[in-house]
Amino acid sequence: QGTRDHPPAHVVLRDRLLAAVVTCFKRHGAAAIDTPVMELRETLTGKYGEEAKLIYELQDQGGELLALRYDLTVPFARYLAMNKITNMKRYHVAKVYRRDNPATTRGRYREFYQCDFDIAGQFDPMIPDAECVKIVHEILSDLQLGDFLIKVNDRRILNGVFAVCGVPESKFIPTCSTVDKLEKMPWEEVRSEMVGEKGLSPEAADRIGEYVQLHGGLDLIERLLQDPKLSQNKLAKEGLGDMKLLFEYLTLFGITGKISFDLSLARGLDYYTGVIFEAVLLQQENEHVEEPVSVGSVAGGGRYDGLVGMFDPKGRKVPCVGVSIGIERIFSILEQRLKAGSLRFHMYRLSPQAAGEKVRTTETQVLVATPHKHLLAARLKLISELWDAGIKAEMLYKKDPKLLKQLQYCEDTGIPLAAIVGEQELMDGVVKLRDVARREEVRM
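Per an unreviewed UniProt entry, the protein chain goes by the name histidine--tRNA ligase and belongs to Halcyon senegalensis. Looking at the Sequence similarities (unreviewed entry) heading of the UniProt record, one finds this comment for the protein chain: "Belongs to the class-II aminoacyl-tRNA synthetase family." Turning to the protein chain, the UniProt record has this under Catalytic activity (unreviewed entry): "tRNA(His) + L-histidine + ATP = L-histidyl-tRNA(His) + AMP + diphosphate + H(+)".

K.L.:
Which residues make up the nonpolar core, and what are the values?
P.N.:
Core analysis: the largest hydrophobic core is formed by 90 residues, its most contacted members being Phe25, Ile150, Phe162, Phe261, Phe277, Ile325 and Ile330. The element best represented in this core is helix H10 (residues 234-253), accounting for nine residues. Looking at which domains feed residues into this core, each of domain 1 (8-340) and domain 2 (366-443) supplies at least three. Setting aside its immediate chain neighbours within four residues, Phe162 contacts Val167, Phe172, Thr175, Cys176, Val179 and Ile208. Counting residues in each nonpolar core, the second largest holds 26 residues, with Tyr48, Leu54, Tyr70 and Leu269 among its members.

K.L.:
How would you explain the pairing of strand E6 (residues 111-120) if you had to name every residue and give the values?
P.N.:
On a regular strand, each side chain points to the face opposite its neighbour's, so the side chains alternate between the two faces of the sheet. For E6, the tally of buried residues reaches eight of 10 residues, placing the bulk of the element in the interior. In terms of strand pairing, E6 meets strand E12 (residues 320-325) through six bridges, oriented antiparallel. The partner of Cys115 across the bridge, within E12, is Ile325.

K.L.:
Go over the packing of helix H5 (residues 155-164) against H10, please, and point to the residues and values.
P.N.:
H10 packs onto H5 with a crossing angle of 145° between their chain directions and a minimal axis gap of 7 Å. Pair H5 / H10 crosses with left-handed handedness. Across the interface between the two elements, Arg156, Ile157, Asn159 and Gly160 from H5 touch Leu235, Ala236, Glu238, Gly239, Leu240, Asp242 and Met243 from H10. In terms of residue class, the contact of H5 with H10 is built from five nonpolar, three polar and three charged.

K.L.:
Describe unusual backbone geometry, listing the residues and the values that go with them.
P.N.:
It is generally the case that most residues other than glycine have a negative phi and that most peptide bonds are trans. With a phi close to 65°, His374 is a non-glycine residue in the positive phi region. Relative to the helices and strands, His374 resides in the loop between strand E13 (366-369) and helix H13 (376-388). One non-glycine residue, Arg439, lies in positive phi territory at about 60°. Here Arg439 lies in the loop between strand E16 (432-435) and strand E17 (440-443).

K.L.:
Hey, could you go over the packing of aromatic side chains for me, with residue numbers and the actual values?
P.N.:
Applying the stated criterion to the full structure yields nine aromatic pairs. Look at Phe123 and Tyr397: their rings are 4.9 Å apart centre to centre, the planes differ by 65°, and that puts the pair in the edge-to-face class. With Phe123 in the loop between E6 and helix H4 (127-142) and Tyr397 in the loop between strand E14 (393-394) and helix H14 (403-413), the pair connects residues that are 274 residues apart, well separated along the chain. Under the relative-accessibility criterion, Tyr397 is labelled buried at 6%. Their ring planes at 55° and their centres at 5.7 Å tell us that Phe253 and Trp387 sit as a pair that is tilted. Taken together, the residues Phe253 in helix H10 and Trp387 in helix H13 connect sequence positions 134 residues apart. Of the residues examined, Phe253 reaches a relative accessible area of 5% and is grouped as buried.

K.L.:
Explain H5 to me, and be specific about the residues and the numbers.
P.N.:
Burial runs high along H5: eight of the 10 residues are buried. Those residues of H5 that fall on the buried side of the exposure criterion are Arg155, Arg156, Ile157, Leu158, Asn159, Gly160, Val161 and Phe162. Among the structural elements, strand E7 (148-154), helix H6 (172-179), helix H8 (202-212), H10, strand E9 (259-262) and strand E10 (275-281) are those in contact with the buried residues of H5. For H5, the side-chain oxygen to backbone nitrogen distance between the N-cap and Arg156 is 2.8 Å, and the N-cap itself is Asp154. Just downstream of H5 lies Gly166, where phi reads positive at about 90°.

K.L.:
Please provide a residue-by-residue account of the pattern of salt bridges, values included.
P.N.:
On inspection of all chains with the given rule, the structure shows 32 salt bridges. For Glu328, the salt bridge goes to Arg14, with nearest N and O atoms at 2.9 Å. A residue pair is termed long-range when its members are at least 10 positions apart, and Glu328 in helix H12 (residues 327-339) and Arg14 in helix H1 (residues 9-27) qualify at 314 residues. For Arg14, a relative accessible area of 24% gives the class partly exposed. We note a salt bridge from Asp428 to Arg443, for which the minimum N-O separation is 2.7 Å. One end of the pair, Asp428, is in helix H15 (residues 423-428); the other, Arg443, is in strand E17, with 15 residues separating them in the sequence. Since its relative accessible area comes to 38%, Asp428 is described here as partly exposed.

K.L.:
Please give an account of the sheet that holds strand E3 (residues 57-59) that cites residues and values.
P.N.:
Read from one edge to the other, the open sheet built from three strands follows the order E2-E4-E3, with strand pairing classed as antiparallel. Two strands bound the open sheet, and with one partner strand each, they are strand E2 (38-40) and E3. Each strand axis lies, on average, 40° off the axis of its neighbour in the sheet, ignoring direction. Pairing of E3 with strand E4 (residues 65-68) involves three bridges; the strand directions are antiparallel. Across the sheet, Gln59 pairs through a bridge with Leu65, a residue of E4.

K.L.:
Tell me about a positive patch on the surface, residues and numbers included.
P.N.:
Together, Lys373, Lys398, Lys402 and Lys405 line one region of the surface with positive charge. Relative to the helices and strands, Lys402 resides in the loop between E14 and H14. Judged by relative accessible area, which is 67%, Lys402 ranks as exposed.

K.L.:
Pulling in residues and values, what's your account of a nonpolar patch on the surface?
P.N.:
A surface patch of nonpolar side chains, amounting to about 220 Å² of accessible area, comprises Val37, Met38 and Leu58. Along the chain, the position of Val37 falls in the loop between strand E1 (31-32) and E2. For Val37, a relative accessible area of 33% gives the class partly exposed.

Cut-offs used in this document
Residues numbered from 1 in each chain as written. Predicted model: local features only at pLDDT ≥ 70, side-chain atom pairs only at ≥ 80, totals over all residues. Heavy atoms only, no water. UniProt positions renumbered as here; feature names shortened; annotations may be inferred. Core = buried A, V, L, I, M, F, W, Y, C linked by side-chain atoms within 4.5 Å. Buried < 20%, exposed > 50% of the residue type's maximum accessible area, 1.4 Å probe, protein only. Helix = DSSP H or I, 4+ residues; strand = E, 2+ residues; numbered from the N terminus. Domains from an automatic or database assignment. Contact = heavy atoms within 4.5 Å. Pairing = 2+ DSSP bridges. Axes fitted to C-alpha atoms, helices over the stretch in contact; angles between N-to-C directions. Left-handed = near helix turned anticlockwise from the far one by under 90°. Nonpolar A, V, L, I, M, F, W, Y, C, P; charged D, E, K, R; others polar. Phe/Tyr/Trp six-rings, centres within 6.5 Å; stacked < 30°, edge-to-face > 60°. Polar contact = N/O pair within 3.5 Å; in protein donor to acceptor, adjacent residues only side chain to side chain. Salt bridge = Lys/Arg side-chain N within 4 Å of Asp/Glu carboxyl O. Patch = residues over 30% accessible without salt bridge, like charges linked within 9 Å, V, L, I, M, F, W, Y side chains within 5 Å. Areas by Shrake-Rupley, 256 points an atom, 1.4 Å probe, with all protein chains shown as cover. Lys, Arg positive; Asp, Glu negative; His and termini not counted. Charge placed at Lys NZ, Arg CZ, Asp CG, Glu CD.

Listed below in structure tokens is the structure:
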């Protein structure tokens, strides 16, 4: 119960939950960016596939056709195009609106918060994508929701599967929307929809079924790279190559135990172009809840390289990858535990603010840098340790950036420290910590 001086426990819980997510986003060097609740209707239409029917449409007194934002991704892409921004790391916590059938026990509402983290810019493959998956892993681990799994796939692999199974290109997106229902429906019903509603031949549906029911890790990726049909498809081959690279980086982050390469993952939104991912809870940790809370996925995202170009008059593309945390769905679980008296608040302690930190565009405390080539693995391992220790850290998304450029980035953004690890440091088992402003270094 709340009192005059203290809010109800569930309000405190929501605030702390949001603060914990934002703290993780800031730890990765993201800046807060806002967009309006209302957009032109044409901005939102044609981006969400079958989900477009859930957009709230409005009309103002002047006859202008408007809509309430359906998610935070499309408005962000529009913002990048309008402001001619080609490079940004941002987070946004705000409400979105969907004309859906509410189910409060499952965390499904018509008005609800989304917590988004996005990286926009041209970078070397899979480095930003791996960081987005790492963020999901960090948040779900910190919140102690129980066991979870992060499924990953690639739209190019799916499209390659559809192509080799005989699906016309015009039916790729509708077929993708149907595959996306595999988490909620058995394969027989999904197959029936493919044939009965989407117009696929029974033979094509059966061939698709042989692929989309596969899941595994690097071994499955290697197997599919040798698949006689898929290996001949350019899109699938590109997707599988990047998926292999993603798993290599996630191995360096030490989180592949929670990752599954799952060909049934499709994510129904039209704008995804490459890697896609989704986190699901595997079990209910608390046994005292009378009715188990079924919430489905609690986080999801992927790469959307073509979305910004849709809003640019000249069609200029800005590659982007992002993740959205389903805060209301997580809150539904925690609220049930709060009622059952089993929730511990200590898990939401925030990292202490760095002493004497001046106001600047990022809260990052340290940049992980390397002075030589072929040391990306060392950077990924070190930055993963820093993130896991609650330290706000960044690195440049290049395989072999020059040290001068890395230090210049620190000066431009106000990052006070650079953790430098070179070949000698690796041999000696130390890190060179540089005070950027004073240009002083210590080995530790």
